Amino acid sequence: MKRKLNLLLSLLMVVASTRGGEANKQLPPAYDICIYGGTSAGVIAAYTGAKLGKKVLLIEPGRNLGGMSSGGLGLTDIGNKYAISGLALDFYRRIGQHYGNFEQWVFEPHVAENIFQDYIKRGKVEVRYENRITGLTKKGNVIREIALEHTFKGGAVNGVAAKVFIDCSYEGDLMAKAGVSYRVGREANNEYGETFNGVQLMDGHQMPEGIDPYRVPGDASSGLLWGISGNSLAPAGTGDKKVQAYNFRICLSSDPKNQVEITKPADYRPERYELLLRQMAKRDWKSLQDVFIWSGMPNGKTDINNRNGFSTDMIGMNWEYPDGDYGKRAEIWNAHTEYTKGLLYFVGNDPRVPGHVRAEMKKWGYPKDEYTGNGNWSHQLYIREARRMVGQLVMTQQHCQGKELVTDGVGMAAYTMDSHNCDRLVVNAEVKNEGNVEEGGFGPYPIAYRALVPKESEAANLLVPVCLSATHIAYGSIRMEPVFMVLAQSAATAAVQAIDAQSSVQSIDVAKLQAMLKRDPLVDGTAPEILVDNDDTDKVLKKGEWKVQARGGYGPDFYIAGPGSMGLSSVRYQPVITKTGRYDLYIYYPKQKNASAVTEITVHDGKRLKLLQIKDAEVKVLGQTSGEWVSLGNYTLAGGSKAYVEVTNKNADAEVTADALLLVPSK
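Residues numbered from 1 in each chain as written. Predicted model: local features only at pLDDT ≥ 70, side-chain atom pairs only at ≥ 80, totals over all residues. Heavy atoms only, no water.

### A closer look at the overall build of the protein
Item 1. If you tally the helices and strands in the protein, you get 13 helices and 33 strands.
Item 2. Taking 26 Å as the expected radius of gyration for a compact globule of 667 residues, we find that the protein reaches 28 Å, a close match to that expectation.
Item 3. With the C-alpha coordinates aligned to their principal axes, the bounding extent of the protein is approximately 115 × 75 × 55 Å.
Item 4. A fraction of 76% describes how many contacts in the protein between residues 6 or more apart in sequence connect residues 24 or more apart.
Item 5. As displayed, the protein has an accessible area near 27500 Å², and 50% of this comes from carbon and sulfur atoms.
Item 6. Side-chain charges in the protein split into 77 positive and 75 negative, and the spacing between the mean points of these groups amounts to 6 Å. (Helix = DSSP H or I, 4+ residues; strand = E, 2+ residues; numbered from the N terminus. Rg over C-alpha atoms; globule rule 2.2 N^0.38 Å. Contact = heavy atoms within 4.5 Å. Areas by Shrake-Rupley, 256 points an atom, 1.4 Å probe, with all protein chains shown as cover. Lys, Arg positive; Asp, Glu negative; His and termini not counted. Charge placed at Lys NZ, Arg CZ, Asp CG, Glu CD.)

Structure, rendered in structure tokens:
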């Protein structure tokens, strides 16, 4: 009996020891929200979730935050400022403050990264760098945990469990690991009733006529030049797996004190640039602008992008990237780096390049004060498009053009339907690029919440604001950094709502989400701005003759009136002030060719009148935008609707415009 009792006690001790060992294992940390990808969207999503009181983890496979917004894309693709709201707009306001302006959409990479870091600091967000996803566990349709490894050292690291996951990566890796449906490449036009999807042979960024494709001109047996695929041109609108070209948005410096010399890269192959020589033999090579979109940034720097038929885009060299493993992606990324650095060196040094162009290139160098942890070279390849989710709703060309409207909009887009070339091939014995599309002519349009969430049967606790659900051509309009930030804020707010309601992300109250985004756009409880657009008929009193201009302003349209000599015309903005206080007033001034030298503005604060003038010559427009906000000053405004701002053509010597009025509560 005593022996049996001792045996039982021994077994209990073993069991207790075993259980204690399991309890002492380092379990994966539990978070409310886990965000994968420290892109601009990832930072905004993380800040939003943290400010809304949730425990948030941001995972970044690299060493830097901000993605393309801190990786060289300083010439922001805006489309229309009307579409940019919330924290995305706050980001560009903070950029403006850095440079001494109200808001600014062109900037240096390190300035952007510092601002993203400040969001992380103010939000007290935990960030795990140099970690990338390797696997994922689900229970039914709920993601429980993601498995990670160290990006550069290799080897597994602690996994992460969370209530809701947000994939903010450009590649959609978490989404793919979760088994969510997605597409790579281009849909056929007939799949969604589109006209600009699939194969497109257009004139934009095209090779000149008569470019011979062969190493020895006229001799097909000599083989194709580097950069030509050898594929046959498929019928227009045909779907395929081809991906629009990637490149680096290059930051260089013209300041000799802030330069690192552009030297020959290790894998330099001048034969890669033969097509460039043949292209320029057909055109006058007057300057660097004939081969690059060479945009100036503050402090003597650049944001260099692709131009014409042969430039920084590595057409057809990225098709394996979206679904490639990490090894394949690194190979493609490194190839783009070597190609781009080689192109810069070639233009500055090859004797076949005109001397004046080589001399112009020699004035530039890599900036010493940018990308200091990455050899003064961008940390982010421009992944223009990779995977695209097939979610609850697929955004299409019809949504972009306003032919189909959604009621669950949680962000807006306004950019042209834009695709860079996807292939370079031989057509009728000439070199041609295929895939470039630049189709606009439409105003801002809403992006559905349903496009940010997978089908509930696939994943009930995942949001995807970057690789969202859209066709190739619709994604080409949506895929802009400010829009990604807007959608990321919406996604994080929705995640909080789902956690609080203990519901799937598909089941949240979208009307409540929309109201929350409108009520607290900066996620800090401050009063929202007051915007009066020209088409807010209940707050705008229009007199005289005004014509409607559909493009080139702020929002869907704006008004234009002729000079005062043709008859007096005015537009009076009558905002409803919800709270008495100090406000900074701004009026949107679209830059027009036939603008009056002076536009007269009257501000009435409810008690006194103040007459102001906007001088056209003094309004400088920076970046890809139609105009700028012009300050009308700071005023104390009482609650109600006694205050007004009036634009008139009185004393105008040419056309005047009336667009939008903005009231920003003073902080």
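### Let's talk about helix α7 (residues 274–281)
Since one α-helical turn is 3.6 residues long, residues separated by three or four positions face the same way.
Item 1. Burial of α7 is extensive: six of the eight residues sit out of reach of the surface.
Item 2. Taken as a whole, α7 has its buried residues at Leu275, Leu276, Leu277, Arg278, Gln279 and Met280.
Item 3. Where the residues of α7 are buried, they touch β8 (214–216), α8 (326–349), β17 (423–427) and β18 (430–434). (Buried < 20%, exposed > 50% of the residue type's maximum accessible area, 1.4 Å probe, protein only.)

### Notes on α8
Item 1. For α8, which comprises 24 residues, the first-to-last C-alpha distance of 34 Å matches the rise-based estimate of 34 Å (1.5 Å per residue) to within 8%.
Item 2. The opening residue of α8, the one whose side-chain oxygen lies 3.2 Å from the backbone nitrogen of glycine 327, is aspartate 325. (Expected span 1.5 Å × (residues − 1). Polar contact = N/O pair within 3.5 Å; in protein donor to acceptor, adjacent residues only side chain to side chain.)

### Re the packing of aromatic side chains
Each aromatic ring pair is described using two quantities: the centre-to-centre distance and the angle formed by the ring planes.
Item 1. On inspection of all chains with the given rule, the structure shows 26 aromatic pairs.
Item 2. A network of ring pairs unites the aromatic residues Trp226, Tyr268, Tyr273, Phe310, Tyr339, Tyr345 and Phe346 as a single cluster.
Item 3. Residue placement shows arginine 63 over the ring face of phenylalanine 152; its charged tip is 3.9 Å from the ring centre.
Item 4. Note that arginine 387 overlies the ring of tyrosine 182, its terminal NZ or CZ placed 5.2 Å from the centroid. (Phe/Tyr/Trp six-rings, centres within 6.5 Å; stacked < 30°, edge-to-face > 60°. Lys NZ or Arg CZ within 6 Å of the ring centre and 35° of its normal.)

By themselves, these figures tell us nothing about what the structure is for.
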